[in-house]
Amino acid sequence: MNVTRTPRPARRRTAFGTALAAALLLGGCGAEVETDADASGKVSVKRCGEPVAYTLPRRAVAYEGGSADKLFSLGLADHVYGYVMPPANPPVEESPWAADYARVRMLGDDLLNKEVVVEAEADFVLAGWNSGFKDERGITPEILDRLGIQSFMHGESCFNYPGYPERLTPFEALYTDLHRLGAIFRVEKKAEEVVAGLKKRVEAVRAKAPGGDPVPVFLYDSGTDQPFTAGSQVPPNDIIEIAGGRNVFDGLDQRWTRVNWEAVAEAEPEVVVILDYGDLPAQKKIDFLRTSPRTKGLPAVRKNNFFVLDYNEGISGPRNVDGLEKFAEYLRGLER
C-alpha cells in the first residue's frame, strides 16, 4: 500500500526539530533582522502588476499560513500584529515558525474581512487575490487603499487580478513575493538568502527526478459530485512537475478549479495527491475514492498510490519546498 502521510501526532512530536531546521535555513522563529535601507521613506514595489509606494509596515496582518510563513521566514515577527486563520488551516503549532505565531495575535478563525483589519489598526495586509481579498466580501486592495491601509498580494494569484495582472509560475511567484516583501520591509539581504536557500533545495530535487515519461498525477482537494483540483496556477502544479510527475490538469489556466470525474478517468492518473486540511481529513477523501464507482477503478486507486500533501505545503509559502521534497521522495520510491 503506497499511502504516504505524516500523522498529526507525529508531526507535533517532531515540531521542535522541524522548527529548528527551518530556523537555521530560513532565519525564522523570531530572529532579529537588520534592515537594509532607510525606514523613514517609501519604496516602490509591484503589487501584482501595479507599482505601489510602501512605507515600512509596523502592524502587519497575514491571512492564512502561507502569508504568515513568508513574513516569519524573513524574520519579521516584530512587524506582524496578527493573523487570520480559517478552519482549513492546520494548527499553527505544526509550523516551523510556531514560536513566531505564539508571539503575535490570532485575530480570527474565519475568512479575512475589513472589520478585523480596521479593528487591528493594521497598516499592511498580506493575502491572495480571490481568496483573502475578494470583491464579494468587500475587502480588496483598492478598498484598503482608500482607508490608508497598505496591502500586498501573492504573485501566484495575480494572473487574473483586474487591471494589473501578472503571470508567474507558482514557484517563481514564491521567490518574487519574498524578494518584494524583503524590499517593503527593508530586509532585501535576508530575502536574498532565503530565496537562495529555497532555490538550492528545489534544484536538488529537480536533479534527482526520475527519467522517462512523467507520472500522471491527479490532485484531489475535495468534492463528490465534481472534484475540486489544481490547475496550472497553484503550487502543487510545480511540485508535481519538478518532482518528475505531470499534473493531469496542467492545461487548465486556473488556480483551484472544478472538473468532472469523466475527465479524471480519461487522464488515468497513476498517483493521487490528497490535499489535507483541518475540516476535511485526508483519510475521508481516500475512503471516498476507494469506494466511489467513478473512482475506484482509477490506476492510482487500484494501486493505492496516494500521497498526502499538507495544506500549507500546497498553498503559496516557503513550505511548498517541504512538500516538494516529500513528494519527490515518494515518486522516486514508486515501482514503475
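Just above sits the structure.
The paragraphs below set out a description of the structure included in this document. These figures come from a predicted structure and were not determined experimentally.

Considerations on the pairing of strand S8 (residues 150-153)
The side chains of a regular strand alternate, residue by residue, between the two faces of the sheet.
Part 1 of the reasoning: Taking every second residue as pointing to the same face, both faces of S8 are buried, with Gln150 and Phe152 on one and Ser151 and Met153 on the other.
Part 2 of the reasoning: Pairing between strand S7 (residues 124-127) and S8: 4 bridges, direction parallel. Looking at S8, one finds that Ala127 is bridged to Met153.
Part 3 of the reasoning: In terms of handedness, the path from S7 via helix H6 (residues 141-146) over to S8 forms a crossover that is right-handed.

Quick look at the state of the cysteines
By definition, a disulfide is the covalent link that joins the sulfur atoms of two cysteine residues.
Part 1 of the reasoning: This model, assessed by the stated rule, comprises 1 disulfide.
Part 2 of the reasoning: One disulfide bridge connects Cys48 with Cys158, the sulfur atoms lying 2.0 Å from each other. Given an S-S torsion of about -75 degrees, the disulfide between Cys48 and Cys158 has left-handed geometry. Note that Cys48 is positioned in the loop between strand S2 (43-47) and strand S3 (50-54) and Cys158 in the loop between S8 and helix H7 (170-184), a separation of 110 residues in sequence. Each member of the pair, Cys48 as well as Cys158, carries the same accessibility label: buried.

Quick look at the packing of aromatic side chains
Part 1 of the reasoning: By the definition in use, this model includes 15 aromatic pairs.
Part 2 of the reasoning: With 6.2 Å between their ring centres and 75 degrees between their planes, Phe218 and Trp261 make a pair best called edge-to-face. Here Phe218 is found in strand S9 (residues 215-220), whereas its partner Trp261 is found in helix H10 (residues 261-267), with 43 residues between them in sequence.
Part 3 of the reasoning: Overall, Phe218 belongs to the buried group, its relative accessible area being 0%.
Part 4 of the reasoning: You can call Trp261 buried: its relative accessible area is 3%.
Part 5 of the reasoning: An aromatic cluster of three or more residues is present, and its members are Phe218, Tyr220, Phe249, Trp261 and Phe288.
Part 6 of the reasoning: Over the ring of Tyr81 we find Arg59, and its NZ or CZ is 4.1 Å from the ring centre.
Part 7 of the reasoning: The side chain of Lys285 reaches across the aromatic face of Tyr277, ending 4.0 Å from its centre.

Quick word on the nonpolar core
Taken as a class, soluble globular proteins show a tendency for nonpolar side chains to be buried jointly.
Part 1 of the reasoning: Among the nonpolar cores identified, the biggest contains 62 residues, and Leu71, Phe124, Leu181, Phe185 and Phe327 are the most heavily contacted of them.
Part 2 of the reasoning: Among the nonpolar cores identified, the runner-up in size contains 20 residues, and Tyr81, Leu112, Cys158 and Tyr161 belong to it.

Some thoughts on the sheet that holds strand S5 (residues 80-84)
Part 1 of the reasoning: Read across the open sheet, the 5 strands follow the order S6-S5-S4-S7-S8; overall the sheet is parallel. Two strands lie at the open edges of the sheet, namely strand S6 (105-108) and S8, each paired on one side alone. When the angles between neighbouring strand axes are averaged without regard to direction, this sheet yields 25 degrees.
Part 2 of the reasoning: Lying on the sheet, helix H3 (residues 64-73) is in contact with strand S4 (60-63), S5 and S7; it crosses S4 at an angle near 135 degrees.
Part 3 of the reasoning: Against the sheet, H7 contacts S7 and S8, and its axis sits at roughly 165 degrees relative to S8.

Definitions and limits used
- What you see as residue numbers is a count from 1 along each chain, following the sequence as written.
- In keeping with the predicted nature of the model, local features appear solely for residues at pLDDT of at least 70, side-chain atom pairs appear and are counted solely at 80 or more, and the whole-chain, interface and lining totals rest on all residues.
- As a rule here, side-chain values cover all heavy atoms of the structure and leave hydrogens and water aside.
- Buried means the residue's accessible area, taken with a 1.4 Å probe over protein chains only, is under 20% of the maximum for its type, while exposed means over 50%, and partly exposed covers the values in between.
- A helix here means a DSSP run of H or I that spans at least four residues, while a strand means a run of E at least two residues long, and both kinds are numbered starting from the N terminus.
- Paired strands are those between which DSSP finds at least two bridges.
- Whether a crossover is right-handed comes down to one check: with the strands pointing away from the viewer, does the path from the first strand over the helix to the second run clockwise; if it does, it is right-handed.
- By disulfide we mean two sulfur atoms from cysteines, separated by a distance within 2.5 Å.
- Centres within 6.5 Å make a pair out of two Phe, Tyr or Trp rings, where for Trp the six-membered ring is used; the pair is then stacked when the planes are under 30 degrees apart, edge-to-face when over 60, and tilted otherwise.
- Either the NZ atom of lysine or the CZ atom of arginine qualifies as a charge over a ring when it sits within 6 Å of the ring centre and within 35 degrees of the ring normal.
- In this description, a nonpolar core means a group of buried Ala, Val, Leu, Ile, Met, Phe, Trp, Tyr and Cys residues linked to one another through side-chain atoms lying within 4.5 Å.
- Here an angle of 0 to 180 degrees is reported between the N-to-C directions of two axes, which are lines fitted to C-alpha atoms, with helices fitted over the stretch in contact.
- Whether two residues are in contact is decided by their heavy atoms, any of which lying within 4.5 Å being enough.

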